[in-house]
Amino acid sequence: MKTSYSALDTFRTCPLKYKYSQIDKIREPKRIETVFGTLVHSALKYMFLRDPLYPTLNEVIDFFTRAWTEKSEKIAWRNEAKKDAESALYLNEGIKILKNFYQKNQPWNFNVIELEGRFSIELEDEISGNVHTLSGIIDRIDKDPESELYEIIDYKTGKKMPAEETL
């Protein structure tokens with residue numbers, strides 16, 4: 001069986017939702033929070049790409065704004081009457097997050113070795129002997145040139161972080 005952390009989390013939260021999404025492959029319309037998170041992740045990936053120079057803050061914000069304008073048309077809005085106001089709110093929040101992150105994390109100060117790297121780990125069930133594959137995507141991996149240590153960075157755009165015990 002092949003799965004991911006998000007699929008396991010969906011199962012833990014709601015087994016029926018897991019069945020619909022992972023087994024029956026029923027796709028639900030994109031929610032604003034999902035689109036927002038995806039676009040902020042895309043802008044952060046763009047921020048750390050050197051082609052041949054790192055993008056400026058204005059280029060990162062422009063990248064996010066263009067993507068938001070394009071993708072926000074495909075969102076399943078909860079309230080059509082408030083669509084424009086809600087869209088503007090998320091756009092402004094994304095810009096604020098990116099400005100803050102860029103000012104504290106200039107890309108040239110990091111030794112990034114991987115962006116959105118895929119991984120796959122085989123885990124054997126000791127009782128049944130079945131092998132399961134856990135796969136996913138790591139947002140960013142940096143290497144400290146002095147200590148040879150690696151740092152795994154996982155971006156989060158939600159307002160509420162899980163408790164440390166949960167992690």
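Refer to the preceding data block for the structure.
For the structure given in this document, a descriptive report is provided here. For clarity, every value in this text was computed on a predicted model and none was experimentally measured.

A separate point is the packing of helix H4 (residues 57-71) against helix H5 (residues 83-104). Orientation of H4 relative to H5, taken along the N-to-C sense of each, is 155°, at an axis distance of 10 Å. What the angle tells us is that H4 and H5 run roughly antiparallel. The element H4 and its partner H5 pack so that their crossing is right-handed. The residues of H5 that touch H4, namely those facing Leu-57, Val-60, Ile-61, Phe-64, Thr-65 and Trp-68, are Ser-87, Tyr-90, Leu-91, Gly-94, Ile-95, Leu-98, Lys-99 and Tyr-102. Residue classes in the contact of H4 with H5 are distributed as 10 nonpolar, 3 polar and 1 charged.

Further remarks concern the pattern of salt bridges. Considering all chains together, one arrives at 9 salt bridges under this definition. Note that Lys-71 is salt-bridged to Glu-70, the shortest N-O span being 3.9 Å. Between Lys-96 and Glu-93 there is a salt bridge, with its nearest N and O atoms 3.7 Å apart. Of the two residues, Lys-96 and Glu-93 both sit in helix H5, 3 residues apart, roughly one turn of that helix.

The subject of this paragraph is the environment of Lys-30. Within the secondary structure layout, Lys-30 lies in the loop between helix H2 (15-23) and helix H3 (32-47). Separated by 44 residues in the primary sequence, Lys-30 and Lys-74 have C-alpha atoms spaced 7.3 Å apart. The contacts of Lys-30, once residues within four sequence positions are left out, are Val-35, Lys-74, Ile-75 and Ala-76.

Here is the key point about a regular strand: its side chains alternate between the two faces of the sheet. One ladder, built from 4 bridges, connects strand S3 (residues 131-143) with strand S4 (residues 150-153); its direction is antiparallel. Each residue of the ladder has a partner; that of Arg-140, found in S4, is Ile-153. Between S3 and S4, which follow one another and run antiparallel, lie 6 residues, and Glu-148 among them has a positive phi close to 65°.

Judged by nonpolar contacts, the single largest core of 25 residues is most densely connected at Phe-64, Trp-68 and Leu-98. For this core, the element with the highest residue contribution is H3, accounting for 8 residues. If we ignore the near neighbours within four places in the chain, the residues touching Trp-68 are Ile-32, Val-35, Phe-36, Leu-39, Ile-75, Ser-87, Tyr-90 and Leu-91.

This part covers a nonpolar patch on the surface. A contiguous nonpolar patch, built from Leu-16, Tyr-20 and Ile-26 and spanning about 300 Å² of accessible area, is present on the exposed surface. Checked against the element boundaries, Ile-26 lands in the loop between H2 and H3.

Turning to unusual backbone geometry, a few remarks are in order. Cis geometry is adopted by the peptide bond preceding Pro-52, which originates at Asp-51 and carries an omega value of -10°. Structurally, Pro-52 can be placed in the loop between H3 and H4. Notably, Glu-116 is not glycine yet its phi reads approximately 50°, a positive angle. Here Glu-116 is to be found in strand S2 (residues 112-124). In the Ramachandran plot, Glu-148 falls in the positive-phi region, its phi being about 65° despite a non-glycine side chain. Structurally, the position occupied by Glu-148 is in the loop between S3 and S4. Residue classification places Glu-148 among the partly exposed positions, given a relative accessible area of 47%.

Below, the discussion takes up the packing of helix H1 (residues 5-13) against H2. Packing of H1 against H2 brings their axes to within 5 Å, and their N-to-C directions diverge by 140°. As far as their axial angle goes, H2 and H1 are oblique. Two secondary-structure elements touch here, H1 through Ala-7, Thr-10, Phe-11 and Thr-13 and H2 through Pro-15, Lys-17, Tyr-18, Ser-21 and Gln-22. Tallied by class, residues from the contact of H1 with H2 come to 4 nonpolar, 4 polar and 1 charged.

The rules we used
- Residues numbered from 1 in each chain as written.
- Predicted model: local features only at pLDDT ≥ 70, side-chain atom pairs only at ≥ 80, totals over all residues.
- Heavy atoms only, no water.
- Axes fitted to C-alpha atoms, helices over the stretch in contact; angles between N-to-C directions.
- Helix = DSSP H or I, 4+ residues; strand = E, 2+ residues; numbered from the N terminus.
- Parallel < 35°, antiparallel > 145°, perpendicular 65-115°, else oblique.
- Left-handed = near helix turned anticlockwise from the far one by under 90°.
- Contact = heavy atoms within 4.5 Å.
- Nonpolar A, V, L, I, M, F, W, Y, C, P; charged D, E, K, R; others polar.
- Salt bridge = Lys/Arg side-chain N within 4 Å of Asp/Glu carboxyl O.
- Pairing = 2+ DSSP bridges.
- Core = buried A, V, L, I, M, F, W, Y, C linked by side-chain atoms within 4.5 Å.
- Buried < 20%, exposed > 50% of the residue type's maximum accessible area, 1.4 Å probe, protein only.
- Patch = residues over 30% accessible without salt bridge, like charges linked within 9 Å, V, L, I, M, F, W, Y side chains within 5 Å.
- Areas by Shrake-Rupley, 256 points an atom, 1.4 Å probe, with all protein chains shown as cover.

Remember, this is a structural readout, not a statement about activity or role.
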